[in-house]
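# An overview of the molecular structure
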Amino acid sequence: MSRTLRRLPMGSRMGTLASPGLALLLSLTAHCSGPQTKDLPKGGLNASEANTWVRDNTSLLQNFWCLPASQLPREQLSSLIRSLASQRVALKAWQLSCLANLAARLGLQDDFQFHPPNLLLFYNLSQVGDTNCRAFIHRAAQGDTELLANLPNQRVALQRTALACLGGPHLPLSASDLWLLGVLVCDMEAPQIVTADPSVLKNLLRCPGLTVMQTAALNTLLANGKTQIGPPGSWNLEGLQALGPLATYISPHLWEKVQEAVGLDFFRSVVAACRAGQLSRHDARRFVTNFLESKANSVSSRSKRRTGRSCVRGNITAATLHDDLFLVHYDCTQLESCLGTRVLRANLDPLLQHPLPAECQHVVKTKLAQIYPHGIPEDQLHLIPSLVYLYSLAEIGQWNITSGDTVMILLASDAALDNQTEAVLQRFLDHNGKVTGALLVAIGSSRLCWMSIEQIQIIQPSEFRLAGAPDVSPCPQSRKDVLFAKAHEAFRNTSNVGEYYYLIRPYLGGAPLEELQYLAQANISMDIDTFTNLNPLTLKSMGVDSVRSLLGQNVGDLQKARNHPNVILWMHSHNMSDLSEMGLDTSPTLPYVTNRPPNTAYPPSSLIQSSDLSGNDGVSHASGSPPVHLSLAVALPSSLLWLLLCQLPSGQMATAHRTLGLWPLPMALTHDSQTPEHQIQENWSC
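Calculation notes
- Residues numbered from 1 in each chain as written.
- Predicted model: local features only at pLDDT ≥ 70, side-chain atom pairs only at ≥ 80, totals over all residues.
- Heavy atoms only, no water.
- Helix = DSSP H or I, 4+ residues; strand = E, 2+ residues; numbered from the N terminus.
- Buried < 20%, exposed > 50% of the residue type's maximum accessible area, 1.4 Å probe, protein only.
- Areas by Shrake-Rupley, 256 points an atom, 1.4 Å probe, with all protein chains shown as cover.
- Axes fitted to C-alpha atoms, helices over the stretch in contact; angles between N-to-C directions.
- Parallel < 35°, antiparallel > 145°, perpendicular 65-115°, else oblique.
- Left-handed = near helix turned anticlockwise from the far one by under 90°.
- Contact = heavy atoms within 4.5 Å.
- Nonpolar A, V, L, I, M, F, W, Y, C, P; charged D, E, K, R; others polar.
- Salt bridge = Lys/Arg side-chain N within 4 Å of Asp/Glu carboxyl O.
- Disulfide = S-S within 2.5 Å.
- Core = buried A, V, L, I, M, F, W, Y, C linked by side-chain atoms within 4.5 Å.
- Expected span 1.5 Å × (residues − 1).
- pLDDT = per-residue confidence, 0-100.
- Phe/Tyr/Trp six-rings, centres within 6.5 Å; stacked < 30°, edge-to-face > 60°.
- Polar contact = N/O pair within 3.5 Å; in protein donor to acceptor, adjacent residues only side chain to side chain.

Right, let's get into the overall build of the protein. Looking only at helices and strands, the protein features 41 helices and 2 strands. The burial tally for the protein puts 55% of its 686 residues in the buried class. Counting every atom, the protein has about 27800 Å² of accessible surface; 53% of that belongs to carbon and sulfur.

Our next topic: the packing of helix α34 (residues 497-504) against helix α35 (residues 513-521). Remark: α34 packs on α35, axes separated minimally by 11 Å, with the N-to-C direction vectors making an angle of 135 degrees. If you check the angle between α34 and α35, you find them oblique. As for how α34 packs across α35, the hand of that crossing is left-handed. The segment α34 lies against α35, with Val497, Tyr500 and Tyr501 engaging Glu515, Tyr518 and Leu519. Broken down by class, the residue content of the contact of α34 with α35 amounts to 5 nonpolar, no polar and 1 charged.

Next up on the list: the pattern of salt bridges. By the definition in use, this model includes 11 salt bridges. Of the charged contacts, one joins arginine 268 and aspartate 265 as a salt bridge, the two residues approaching to 2.8 Å between their closest N and O atoms. Taken as a pair, arginine 268 and aspartate 265 lie in helix α17 (residues 260-275) at a separation of 3 residues, close to a single helical turn. Residue class for aspartate 265 comes out partly exposed when judged on its relative accessible area of 34%. For aspartate 430, the salt bridge is made with arginine 427, and the minimal N-O distance between the two is 3.2 Å. Separated by 3 residues within a single helix, aspartate 430 and arginine 427 lie in helix α29 (residues 421-430), roughly one turn from each other. Aspartate 430 gets classed as partly exposed once you look at its relative accessible area, which sits at 43%.

Most of helix α39 (residues 565-572) is tucked away, with 7 of its 8 residues classed as buried. Those residues of α39 that are buried lie in contact with α36 (528-531), α37 (536-540), α38 (544-551) and α40 (576-581).

As a further point, take the state of the cysteines. This model, assessed by the stated rule, comprises 6 disulfides. Here cysteine 449 pairs with cysteine 475 through a disulfide, and the sulfurs are 1.9 Å apart. A torsion of -80 degrees about the S-S bond marks the disulfide between cysteine 449 and cysteine 475 as left-handed. Of the two residues, cysteine 449 is situated in the loop between α30 (437-443) and α31 (453-457) and cysteine 475 in the loop between α32 (461-464) and α33 (477-491); the sequence distance between them amounts to 26 residues.

Core analysis: the biggest nonpolar cluster contains 181 residues, and Val364, Leu368, Ile384, Met526, Phe531, Leu558 and Trp570 have the highest contact counts within it. Excluding anything up to four places from it in sequence, methionine 526 contacts Tyr501, Leu508, Leu516, Leu519, Phe531, Leu534, Leu550, Leu551 and Asn554.

Owing to its 3.6 residues per turn, the α-helix aligns residues three or four sequence positions apart on the same side. Taking 1.5 Å per residue as the helical rise, helix α18 (residues 281-294) with its 14 residues ought to reach 20 Å, and the 20 Å between its terminal C-alpha atoms agrees with that figure. Along α18, the residues that are buried comprise Arg281, Asp283, Ala284, Arg286, Phe287, Val288, Asn290, Phe291 and Ser294.

A few words now on the confidence of the model for the protein. Counting all residues, the mean pLDDT for the protein is 79, and 75% of those residues have values of 70 or more. The low-confidence segment residues 1-47 (pLDDT under 50) makes 118 contacts with residues lying over four places distant or belonging to another chain. Within the model, the stretch residues 591-685 combines pLDDT values under 50 with 272 contacts to residues more than four positions away or in other chains.

Note on placement: serine 79 falls in helix α6 (residues 74-86). Separated by 35 residues in the primary sequence, serine 79 and phenylalanine 114 place their C-alpha atoms 9.9 Å from one another.

On to the packing of aromatic side chains, then. A full pass over the atoms with the stated rule returns 14 aromatic pairs. Seen in terms of ring centroids, phenylalanine 267 and phenylalanine 287 are 5.6 Å apart; in terms of plane orientation they differ by 50 degrees. Their pairing is tilted. Of this pair, phenylalanine 267 sits in helix α17 while phenylalanine 287 sits in helix α18, and the two are 20 residues apart along the sequence. Taking 5.6 Å as the distance between ring centres and 65 degrees as the angle between the ring planes, the aromatic pair formed by phenylalanine 464 and tyrosine 507 counts as edge-to-face.

This part covers the environment of isoleucine 316. Note that isoleucine 316 resides in the loop between α19 (299-306) and α20 (318-321). Separated by 23 residues in the primary sequence, isoleucine 316 and leucine 339 place their C-alpha atoms 5.3 Å from one another. Dropping the residues within four chain positions of it, isoleucine 316 is found in contact with Leu321, Phe326, Tyr330, Leu335, Cys338, Leu339 and Val343.

Glancing now at the environment of isoleucine 459. Note on placement: isoleucine 459 falls in the loop between α31 and α32. Here the alpha-carbon distance between isoleucine 459 and threonine 436, two residues 23 residues apart in the chain, equals 7.2 Å. Among residues more than four places away in sequence, those in contact with isoleucine 459 are Val435, Leu440, Met451, Phe464 and Lys486.

One can find threonine 406 in helix α28 (residues 404-411). Looking at threonine 406, its side chain comes within polar contact range of the side chain of glutamate 378, at 2.7 Å. Those residues within four positions of threonine 406 in sequence are excluded, and the remaining contacts are Glu378, Leu381, His382 and Ile401.

Turning to the side chain of asparagine 554, a few remarks are in order. Tracing the sequence through the fold places asparagine 554 in the loop between α38 and α39. What makes asparagine 554 buried here is its relative accessible area of 0%. A distance of 3.0 Å separates the side chain of asparagine 554 from the backbone oxygen of serine 525, its partner in a polar contact. Filtering out sequence-adjacent residues up to four positions away, asparagine 554 remains in contact with Cys98, Asn101, Ser525, Met526 and Asp527.

Turning our eyes to something else, we now look at unusual backbone geometry. Going from leucine 171 to proline 172, the amide bond is cis rather than trans, its omega being -10 degrees. Relative to the helices and strands, proline 172 resides in the loop between α10 (152-165) and α11 (175-181). The phi dihedral of asparagine 523 is positive, around 55 degrees, even though this residue is not glycine. On the basis of relative accessible area, asparagine 523 is assigned to the partly exposed category, the value being 49%.

What follows is about the packing of α33 against α34. Contact pair α33 / α34: the axes reach a minimum separation of 10 Å and the direction vectors enclose 145 degrees. Between α33 and α34 lies a crossing of right-handed hand. Between α33 and α34, the contacting residues are Phe484, Ala487, His488 and Phe491 on the first element and Tyr500, Leu503 and Ile504 on the second. Here the contact of α33 with α34 is built from residues that sort into 6 nonpolar, 1 polar and no charged.

Structure representation (structure tokens):
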């Protein structure tokens with residue numbers, strides 16, 4: 001493998017990394033670009049102007065990079081962290097883990113009350129003192145624990161620390177206990193939820209999803225009538241809406257006890273929320289399925305079943321499809337009998353805006369095949385993203401896909417199956433389409449995992465600079481290998497080793513041993529999130545000293561991730577004395593406390609048998625730039641962020657925004673106004 005970077009003298013490559021503070025930051029700005037940022041005024045900014053500049057350029061903060069930040073003095077790093085908190089910047093796990101280590105190294109962890117809650121999740125919990133334990137856990141519990149997917153031991157330690165703050169594990173959990181625990185309740189088992197104070201509903205609202213047992217616990221809580229909305233027979237529309245997305249988990253048995261008028265009003269509100277993009281299709285369909293099942297034994301439902309396939313509800317019209325109670329009046333059998341192909345052809349969009357159960361979706365697909373026997377026209381493909389998962393690869397092969405917009409609509413939908421990616425893209429390529437960086441961003445980086453190797457190979461290297469920082473950790477190893485080779489081809493001419501690492505980092509899961517050894521020698525201090533997603537068999541070949549050099553100042557994070565399958569495999573390939581010398585606990589590993597596995601595409605080490613585990617404008621420092629001697633402690637939100645966080649050529653990575661789910665939480669369920677909204681529920685449209 002050729003490497004232009006290695007042709008540079010070692011002093012040239014390493015000089016930038018070793019240069020102090022501002023000199024480093026200034027050198028890095030040669031590669032920064034950010035056409036969307038607002039220019040800095042001549043002469044720099046005062047404190048008020050700096051705050052305004054940060055507010056208008058918050059997207060730059062999302063490109064935070066630990067390597068240059070590691071050269072900052074304590075006061076400047078402290079100001080940076082506080083800026084991240086005040087602007088509520090959503091950093092990724094790889095950014096947070098190394099930033100936590102920088103903060104700890106400079107003694108900033110004690111200022112946790114001014115730091116982002118997500119950052120606290122990565123802090124050394126053994127340094128949390130008894131006197132501030134409750135304050136620390138409460139702020140950390142406002143964060144997103146899913147960021148710890150690759151640090152299972154840290155997640156265990158976080159919950160243990162939280163329970164220790166409460167005086168040890170105990171039942172029931174009081175309202176004050178739950179206020180402290182926040183999102184940590186999402187890792188708890190059903191008995192702890194059932195016996196908890198009814199205010200536990202607020203905690204459950206922060207969970208990205210409920211397990212089967214947690215769903216049963218929720219329904220037990222609601223059935224006993226002790227929650228603030230009372231027993232099911234007394235529920236009203238306002239109370240149900242106060243449950244937010246939790247209402248979509250209510251069982252058919254409980255819906256039978258709800259007054260019919262209240263249930264129908266709530267049904268209307270769910271469909272309206274789904275149409276408005278305030279509720280995910282998955283959640284809406286779960287609610288519709290449960291609600292309709294509760295009505296299945298009604299007299300009207302029995303009579304409809306006795307009629308067989310005949311249309312008894314009346315032919316479906318355009319007006320019918322705009323009724324929010326359409327699915328209450330027409331079950332899937334009646335949909336098949338009462339929906340004519342002419343009405344379907346003219347009203348496909350309003351029909352599919354309803355959260356149709358799977359059986360009804362099959363009915364619509366069958367009728368579309370009757371209308372379009374030779375394949376669905378491209379303009380109609382834009383309307384069926386919710387049905388894509390029903391189509392075979394052969395059926396997709398009949399589609400004419402000439403526009404990147406069509407690809408984006410089909411594949412950006414969560415309904416599309418992963419293995420349909422190759423077929424959809426191939427139809428686009430067959431019509432002389434090109435897979436660009438912008439398209440990759442639009443359809444989601446996980447789609448890279450399901451492109452064929454041939455499709456990946458034809459992507460122009462330059463497009464990788466426009467693709468942001470994709471998360472390819474779930475990809476089969478064969479895809480990771482190809483993606484790394486393409487990314488290396490795109491970035492190998494980068495003259496600065498620090499910037500090269502920033503660009504190549506997302507693709508290092510496919511890096512060969514030679515690359516990892518090179519990076520270890522370059523002192524780049526790899527973050528633990530990237531480390532745990534390396535090829536486990538390549539990682540297994542690395543010695544203790546090489547891993548210590550590769551992780552650098554982040555080597556202590558191995559302890560937080562030692563129960564990760566890849567770390568276990570690496571540990572098993574070395575003797576305990578060597579591991580102990582690097583401060584790694586070699587005692588038996590602990591089980592996960594979360595129901596969600598770590599973010600890894602690999603099986604446990606005992607199952608690994610083979611090598612394939614399938615599967616801006618340049619910143620000017622002339623007039624208008626802040627002078628180097630400007631006090632960075634004061635002007636950090638302006639000049640320092642411009643230097644440190646300006647957008648690299650890799651482009652702006654798409655940021656996932658989260659919302660409160662169906663409806664804004666009423667004050668009755670919002671105990672702490674600082675809870676980040678994005679912790680509650682993803683906002684997907686129907």
